[in-house]
Amino acid sequence: MQNESKSPAPSAELLAKAKAGDTRAISVLFRRHGPELRQWARGRLPRWARGMADTTDVVQDVLLRTFKRIDTFEDRGKGALRGYLRRSVMNRIHDEMRKVVRRPTGELEERLFNIPGEQPTPFESAVDSERARHYKAALATLNDEERMLVVGRIELGFNYDQL
């Protein structure tokens, strides 16, 4: 005999219970829609707009606000809640983007144009190191006169007349 409490309840049934004040139904809806909504929303909040809120926070807030007002939600059939939640997340993301744009110019510019200093990235450092190793190995294969010409041109920047 199958235990009915373990079979997933249809969303329409959970919505009806949630509207009647059943907090367990709200918890089930929260757990059911939270992970999928976070996955869907991931990357939709631009990196430059992240700061005080990230995607997980936005989704969490939308779920909390929606389920606090679940009695006002009009269920229009299969997928209605999912669509409503996605639209709410997108609206909240747009709100976050507007907040960032409204910040003082200096703070916005710092976030938008936070370009690293003159320090090379780890990748650039690795490439430079590899190039230097190959360059030194190639220099070792040359005689003294050839080595002086190559070093003068490449390292010291002499033109052909100076060499």
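Each remark here, short or long, concerns the structure printed above.
Chains are numbered independently. Their residues run from 1 in the order of the written sequence. The predicted nature of this model means local features are confined to residues of pLDDT at least 70 and side-chain atom pairs, given and counted, to a pLDDT of 80 or more, with totals for whole chains, interfaces and linings taken over all residues. In computing side-chain values, all of the structure's heavy atoms are included and hydrogens and water are not.

**Focus on the environment of Arg 42**
Note on conventions: DSSP H or I runs of at least 4 residues are helices, E runs of at least 2 residues are strands, and numbering of each starts at the N terminus. Turning to its location among the elements, Arg 42 is positioned in the loop between α2 (23-41) and α3 (55-68). In this structure Arg 42 comes out as exposed when scored by relative accessible area, which is 53%. Taking the C-alpha atoms as reference, Arg 42 lies 8.0 Å from Thr 56; in sequence the two are 14 residues apart. To sort residues, take the accessible area from a 1.4 Å probe on protein chains only and compare it with the maximum for the residue type: under 20% means buried, over 50% means exposed, and anything in between is partly exposed.

**A few points about the environment of Ile 93**
Tracing the backbone shows Ile 93 in helix α4 (residues 80-102). Looking at Ile 93, the relative accessible area reads 1%, which means it is buried. Residues Ile 93 and Ala 41 lie 52 residues apart in sequence; the distance between their C-alpha atoms is 9.1 Å.

**A look at the nonpolar core**
In this description, a nonpolar core means a group of buried Ala, Val, Leu, Ile, Met, Phe, Trp, Tyr and Cys residues linked to one another through side-chain atoms lying within 4.5 Å. Core analysis: the largest hydrophobic core is formed by 20 residues, its most contacted members being Leu 29, Leu 37, Leu 81 and Val 89. Of all the secondary-structure elements, those providing two or more residues to this core are α1 (11-19), α2, α3 and α4. Dropping the residues within four chain positions of it, Leu 37 is found in contact with Val 59, Leu 63, Leu 85, Arg 86 and Val 89. In what follows, residue pairs with any heavy atoms lying within 4.5 Å of each other are defined as contacts.

**With respect to the side chain of Arg 92**
Tracing the sequence through the fold places Arg 92 in helix α4. Note on Arg 92: relative accessible area 16%, which makes it buried. Polar contact is defined as a pair of N or O atoms within 3.5 Å, subject to the rule that within protein one atom must be able to donate a hydrogen and the other to accept it, and that residues adjacent in sequence are counted only when both atoms are side-chain atoms. At 2.3 Å, the side chain of Arg 92 and the side chain of Asp 61 are in polar contact. Apart from residues lying up to four places away in sequence, Arg 92 is in contact with Val 58, Asp 61 and Val 62.

**Describing the packing of aromatic side chains**
Between the rings of Phe, Tyr and Trp (Trp by its six-membered ring), a pair exists once the centres lie within 6.5 Å; its type follows the angle of the planes, with under 30 degrees stacked, over 60 edge-to-face, and the other angles tilted. A full pass over the atoms with the stated rule returns two aromatic pairs. Plain terms: the ring middles of Phe 30 and Phe 67 are 6.1 Å apart, the flat faces sit at 50 degrees to each other, and that makes the pair tilted. A residue pair is termed long-range when its members are at least 10 positions apart, and Phe 30 in helix α2 and Phe 67 in helix α3 qualify at 37 residues. Relative to Tyr 84, the ring of Phe 73 has its centre 5.3 Å away and its plane inclined at 65 degrees; by these criteria the two rings are edge-to-face. Pair noted here: Phe 73 is in the loop between α3 and α4 and Tyr 84 is in helix α4, with a separation of eleven residues, a long-range link.

**Thoughts on the pattern of salt bridges**
Salt bridge, as applied in this entry: a Lys or Arg side-chain nitrogen positioned within 4 Å of an Asp or Glu carboxyl oxygen. Applying the stated rule across the entire model yields seven salt bridges. Between Glu 36 and Arg 82 there is a salt bridge whose closest N-O contact spans 3.1 Å. With a gap of 46 residues between them, Glu 36 in helix α2 and Arg 82 in helix α4 connect regions that are remote in the sequence. Glu 130 is the salt-bridge partner of Arg 133, the closest N and O atoms lying 2.6 Å from each other. Pair noted here: Arg 133 and Glu 130 are both in helix α6 (residues 122-140), with a separation of three residues, about one helical turn. Residue classification places Glu 130 among the partly exposed residues on the basis of a relative accessible area of 35%. Through salt bridges with shared partners, one network takes in Glu 36, Arg 82 and Arg 86.

**Quick look at the packing of α6 against helix α7 (residues 144-154)**
Contact geometry of α6 with α7 gives a least axis separation of 10 Å together with a crossing angle of 150 degrees. When the axes of α6 and α7 are compared, the pair comes out roughly antiparallel. Of the two possible hands of crossing, α6 and α7 adopt the one that is right-handed. Contacts between α6 and α7 involve Tyr 135, Leu 139 and Ala 140 from the first element and Arg 147, Val 150, Val 151 and Ile 154 from the second. Basically, the charged four are Asp, Glu, Lys and Arg, the nonpolar ten are Ala, Val, Leu, Ile, Met, Phe, Trp, Tyr, Cys and Pro, and anything else, Gly included, counts as polar. In the contact of α6 with α7, the residues fall into six nonpolar, no polar and one charged. Every axis corresponds to a line fitted to the C-alpha atoms, with the helix fit spanning only the stretch in contact, and the corresponding angles, defined between N-to-C directions, vary from 0 to 180 degrees. Roughly parallel refers to an angle under 35 degrees, roughly antiparallel to one over 145, roughly perpendicular to one between 65 and 115, and oblique to any angle outside these ranges. Working rule for handedness: look at the near helix, and if it is turned counterclockwise from the far one by less than a right angle, call the crossing left-handed; if clockwise, right-handed.

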